[in-house]
Amino acid sequence: MIDMRCAFAQPPPRGPAGLPQPDRCLVMGILNVTPDSFSDGGRYAETGQAVERGLRLAEEGADLVDVGGESTRPGAEPVPVEAELARVVPVVRELVRAEVAVSVDTMHAAVARAAIEAGACMVNDVSGGLADPAMAAVVAAAEVPYVAMHWRAPSREMDRHAVYGDVVGDVTSELLRRVEALTAAGIDPGRIIIDPGLGFAKRAAHDWELLTHLPALRATGFPVLVGASRKRFIGAALSDRAGIDSAPGDRDAATAAVSALAAAAGAFCVRVHDVRSSLHAVCVAAAWAGDRLPSESEIVVRSQCRKVLHESRQAPNPSASLR
């Protein structure tokens, strides 16, 4: 019999202690508490709106809600630390109070420290510690998981740095150099997650090359986070006959497809705007790669998505009446 499972499917890796540990790729919900993010800037700029959105992401099945107060879209200008603190910390505090697992998306050590004190369980740093030399010490002292993303320059100038000889090899080696520096500064390597930084100092072809070579990043031994949601390279792939890219809000189905493929390739976590579609996608990838669908007890305990899969298996088969 032909095995129709993904030829490259790999079991989900275990992540650092202190994070959810489902038997599938994690899904991180994006919560931009900003006026200018590329997709949903301004929609959740007020604390009340942001908290409500974070609770909704958790209800939809997000394993983590990633709260960020500074846009990192191409061309974005830096935000004063005081403004970022005012945006982020009240939201983190309220979500943690509601028992939501929260990560903080920041390049600034002061924001990371305050968010951790408010209950954040992870720091997601798009600069991999390059933007703020004090970040490593804060993370090391707090003993929390840390996402180190591949980064070459601030958002306002990153596009000019999108030059590579071998993008997979270059990104991997640059990430490993960051890991070496971070561990030398005291961060436990067992708490580090790497992120190839899709869209950051990269052209669309670079992003697709990195995605199709995720096993090479996994071979480093570190869990890999994939942040593809609604980004430019997806919009370009969905361009119309006139060559106009699809709008960010029209990219969720394609993002879910990337989430499924990334999960099947062994990604530890996907970071997305639309949680439900990517949660379903990574659960399908897990079921496809496994020898069986999860048991009913696993469905109830593990995730809402597994409940969906279970119910679909139990639904009446329309073809049965035709037999």
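For the structure, check the block above.
Residues numbered from 1 in each chain as written. Predicted model: local features only at pLDDT ≥ 70, side-chain atom pairs only at ≥ 80, totals over all residues. Heavy atoms only, no water.

Caption draft 1: Summary view of the nonpolar core. Formed by 77 residues in total, the largest nonpolar core has its most connected members in Leu31, Val67, Leu95, Val123 and Val226. Once residues within four sequence positions are removed from consideration, Leu31 is found in contact with Tyr44, Ala50, Arg53, Gly54, Leu57, Val65, Asp66, Val67, Gly68, Val91 and Leu95. In terms of nonpolar packing, the next biggest core, distinct from the first, is built from 11 residues, Leu26, Cys121, Met122 and Val147 among them. (Core = buried A, V, L, I, M, F, W, Y, C linked by side-chain atoms within 4.5 Å. Buried < 20%, exposed > 50% of the residue type's maximum accessible area, 1.4 Å probe, protein only. Contact = heavy atoms within 4.5 Å.)

Caption draft 2: Just the packing of aromatic side chains, in detail. Tallied over the full model, the rule gives 1 aromatic pair. When the centroid spacing of 4.9 Å and the interplanar angle of 80 degrees are considered together, the rings of Trp208 and Phe233 count as edge-to-face. Here Phe233 lies in helix H8 (residues 232-237) and Trp208 lies in helix H6 (residues 204-212), a separation of 25 residues in the sequence. (Phe/Tyr/Trp six-rings, centres within 6.5 Å; stacked < 30°, edge-to-face > 60°. Helix = DSSP H or I, 4+ residues; strand = E, 2+ residues; numbered from the N terminus.)

Caption draft 3: Highlighting helix H4 (residues 135-142). Inspection of H4 places Met135, Ala136, Val138 and Val139 among the buried residues, and these make up the whole buried set. For H4, the arc enclosing every buried residue in end-on projection is 165 degrees, short of the 170-degree limit, so these residues lie on one face. Check the buried side of H4 and you find it contacts helix H3 (109-117), strand E4 (122-125), strand E5 (146-149) and helix H5 (167-184). Of the residues one or two after H4, Glu143 is the one with positive phi, at around 55 degrees. (Arc of directions from axis to C-beta.)

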